[in-house]
Amino acid sequence: HELKKAGFHLDSLRVEDELSLRIALKNTWDIALCDYTMPTLNGLEALAIVREINQDIPFIFVSGTIGEDVAVEAMRTGAQDYILKGSFKRLAPAVERELNELEHRRMRREAEKRLHFLALYDELTGLPNRNYFRQHLKKALVEANKSRRQLTLACVNLDRFKTVNGSLGYDAGNLLLVQVAERLQRCVPAKATIARLAGDEFAILFRDLGDRNEITGAIEKILETIAEPFDIHGYMFYLGASIGISIYPDDAIDVDKLMHNADIAVLSVKRDG
């Protein structure tokens, strides 16, 4: 009644136990108003459940039993405010304030998610970027050392890619890179890790290739996949790929050397065919 008097249009749901609270939180809500003493859980437990499922929704205690110590603990663990029952003058202003803050929190969280994504993933293809790949490779080398397993690193550089940029522009080149990324994801084993390092350079880490025949077979499959024509805005483009291989532990035992050797191999392929 107090919120309606203040001009709010309400769609509300009342819950009083953990199960019904979890079910309710599957839907989108603007705010949670919570008593502290309830039949099967207390307000701090309810707050923990809400924060587990939704980091952004404002949470306000409306209680006649919450003491100062509990109120301080509630604010410390994620509640936005508390209102004493029977003293509702602060309720509508508090709700209005928190609804305004909610939008800012959501925008900040989305910005943080995007920054995190850009730090580890390539925006164009959605593949891991060089930073992510180096971290992943470092962990994989530690695991391979413990289990005495072989790792195969393949660096893939597209041939004649500049032809697409030069003839149809960078938008077409970006579309081509997306198609290459999709093909690579289809033709390599599920346990392999694919990354876009820069420009038209990709890297693939294979974990389960045993002998040189298996490695050669995997690489030939990539070459055949990339050799199939690409349809870009109705134009058919035929590309190739230069691929360099570096194997742990035969060729190197650390990240920098392993990637450097694969790069040298790519240059050799480009030079000698």
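Numbering of residues starts from 1 in every chain and runs along the sequence as written. Residue-level local features of this predicted model are given only where pLDDT is at least 70; pairs of side-chain atoms are given and counted only at 80 or more, and the full residue set underlies all totals for whole chains, interfaces and linings. Working from all heavy atoms in the structure, the side-chain values ignore hydrogens and water.

Participant: Please explain helix α10 (residues 255–272) as it appears in this structure.
Facilitator: Three- or four-residue spacings in an α-helix give side chains the same orientation, since the helix completes a turn every 3.6 residues. Note on conventions: DSSP H or I runs of at least 4 residues are helices, E runs of at least 2 residues are strands, and numbering of each starts at the N terminus. Each helix should span, by expectation, one fewer than its residue count multiplied by 1.5 Å. When the terminal C-alpha atoms of α10 are compared, their 26 Å separation across 18 residues agrees well with the 26 Å that a helix rising 1.5 Å per residue should span. For α10, the complete set of buried residues consists of V255, L258, M259, N261, A262, A265 and V266. Down the axis of α10, the buried side of the element spans an arc of 160°, and every buried residue falls inside it. For α10, exposure combined with an orientation more than 90 degrees from the buried face picks out L267, R271 and D272. Polar contacts here mean pairs of N or O atoms no more than 3.5 Å apart (in protein, one a potential hydrogen donor and the other a potential acceptor; neighbouring residues in sequence count only if both atoms are side-chain atoms). N-cap assignment for α10: the residue whose side-chain oxygen lies 3.2 Å from the backbone N of D256 is D254. Taken from the residues just after α10, G273 is the one with a positive phi, measuring 85°. Using a 1.4 Å probe on the protein chains alone, a residue whose accessible area is under 20% of its type maximum counts as buried, one over 50% counts as exposed, and one in between counts as partly exposed. What the arc describes is the spread of directions from the helix axis to the C-beta atoms.

Participant: Looking at this structure, I do not really get the confidence of the model for the protein chain. What am I missing?
Facilitator: For every residue, the predictor reports its confidence as pLDDT, a number between 0 and 100. Residues at a pLDDT of 70 or more form 100% of the protein chain, whose mean pLDDT is 90. For the protein chain, helix α7 (residues 161–168) is the element with the lowest average pLDDT, namely 81, and strand β6 (residues 201–206) is the one with the highest, namely 96.

Participant: Help me out: how do you make sense of the packing of helix α8 (residues 170–187) against helix α9 (residues 212–227) in this one?
Facilitator: Think of two packed helices as two axes; the pair is described by the angle between the axes and how far apart they sit. Between α8 and α9, the shortest axis-to-axis distance is 10 Å and the interhelical angle comes to 145°. Crossing of α8 over α9 shows right-handed handedness. In this structure, α8 uses R183, L184 and C187 to contact α9, whose residues at the interface are K221, I222, T225 and I226. When residue character is reported, Ala, Val, Leu, Ile, Met, Phe, Trp, Tyr, Cys and Pro are called nonpolar, Asp, Glu, Lys and Arg charged, and the others, Gly included, polar. A breakdown of the residues in the contact of α8 with α9 according to their chemical character gives 4 nonpolar, 1 polar and 2 charged. Note on definitions: angles span 0 to 180 degrees between N-to-C directions of axes, and those axes are lines fitted to C-alpha atoms, for helices only across the stretch in contact. The handedness criterion is simple: a crossing whose near helix is rotated anticlockwise from the far helix by less than a right angle is left-handed, and one whose near helix is rotated clockwise is right-handed. The contact rule is simple, with two residues in contact once any of their heavy atoms fall within 4.5 Å.

Participant: What is the right way to read the pairing of strand β5 (residues 193–198) from this model?
Facilitator: Each regular strand shows side chains that alternate between the opposite faces of the sheet. Of all 6 residues that make up β5, 5 are buried, and the element is covered over most of its length. By the bridge criterion, 5 bridges tie β5 to β6 in an arrangement that is antiparallel. Directly across from A198, in β6, lies its bridge partner E201. Counted along the chain from β5 to the antiparallel partner β6, the turn is 2 residues long, and its residue G199 has a positive phi close to 50°. Strand pairing requires that DSSP identify at least two bridges connecting the strands.

Participant: Help me understand unusual backbone geometry, please; the structure alone is not making it clear to me.
Facilitator: The peptide bond linking Y248 to P249 adopts the cis configuration, its omega dihedral lying at 5°. Counting through the fold element by element, P249 comes out in the loop between β9 (240–248) and α10. Its identity is not glycine, yet H233 carries a phi of approximately 55°, on the positive side. When you line up the elements, H233 lands in the loop between β7 (230–232) and β8 (235–237).

Participant: Whenever I open this one, the nonpolar core confuses me. Can you help?
Facilitator: Side chains of nonpolar character tend, in soluble globular proteins, to be buried together. F202, I204, F206, I222 and I226 are the most contacted members of the largest nonpolar core, which has 32 residues in total. Sequence-distant contacts of I204, that is, excluding residues within four places in its chain, are made with F133, T152, L153, A154, V156, L184, V188, A192, T193, I194 and I222. Residues grouped as a nonpolar core are buried Ala, Val, Leu, Ile, Met, Phe, Trp, Tyr and Cys residues, joined through side-chain atoms within 4.5 Å.

Participant: How should the sheet that holds strand β1 (residues 32–34) be read in this particular structure?
Facilitator: What links the strands of a sheet is backbone hydrogen bonding, and the strands pair in either a parallel or an antiparallel sense. Read across the open sheet, the 3 strands follow the order β1-β2-β3; overall the sheet is parallel. The strands lining the two open edges of the sheet, one partner per strand, are β1 and β3 (81–84). Taken pair by pair, the neighbouring strands of this sheet meet at an average axis angle of 25°, ignoring direction. As paired elements, strand β2 (residues 59–63) and β3 share 4 bridges and run parallel to each other. Within β3, the residue paired with S63 across the bridge is L84. Lying on the sheet, helix α3 (residues 43–53) is in contact with β1 and β2; it crosses β2 at an angle near 160°.

Participant: Before we go on, may I ask you to explain the packing of aromatic side chains in this structure?
Facilitator: Each aromatic ring pair is summarised here by two numbers: the centre-to-centre distance and the angle between the ring planes. Within 6.5 Å between ring centres, the rings of Phe, Tyr and Trp (the latter by its six-membered ring) count as paired, and their orientation is classed by plane angle as stacked under 30 degrees, edge-to-face over 60, tilted in between. This model, assessed by the stated rule, comprises 4 aromatic pairs. Plain terms: the ring middles of F59 and F61 are 5.1 Å apart, the flat faces sit at 75° to each other, and that makes the pair edge-to-face. With a centroid separation of 5.3 Å and 40° between ring planes, the pair formed by Y121 and Y132 is classed as tilted. Residue Y121 is found in the loop between α5 (91–120) and α6 (130–147), and its partner Y132 is found in helix α6; the two are separated by 11 residues along the sequence. Here Y121 falls in the partly exposed class, since its relative accessible area comes to 26%. Members of the aromatic cluster, joined through ring pairs, are Y36, F59 and F61.

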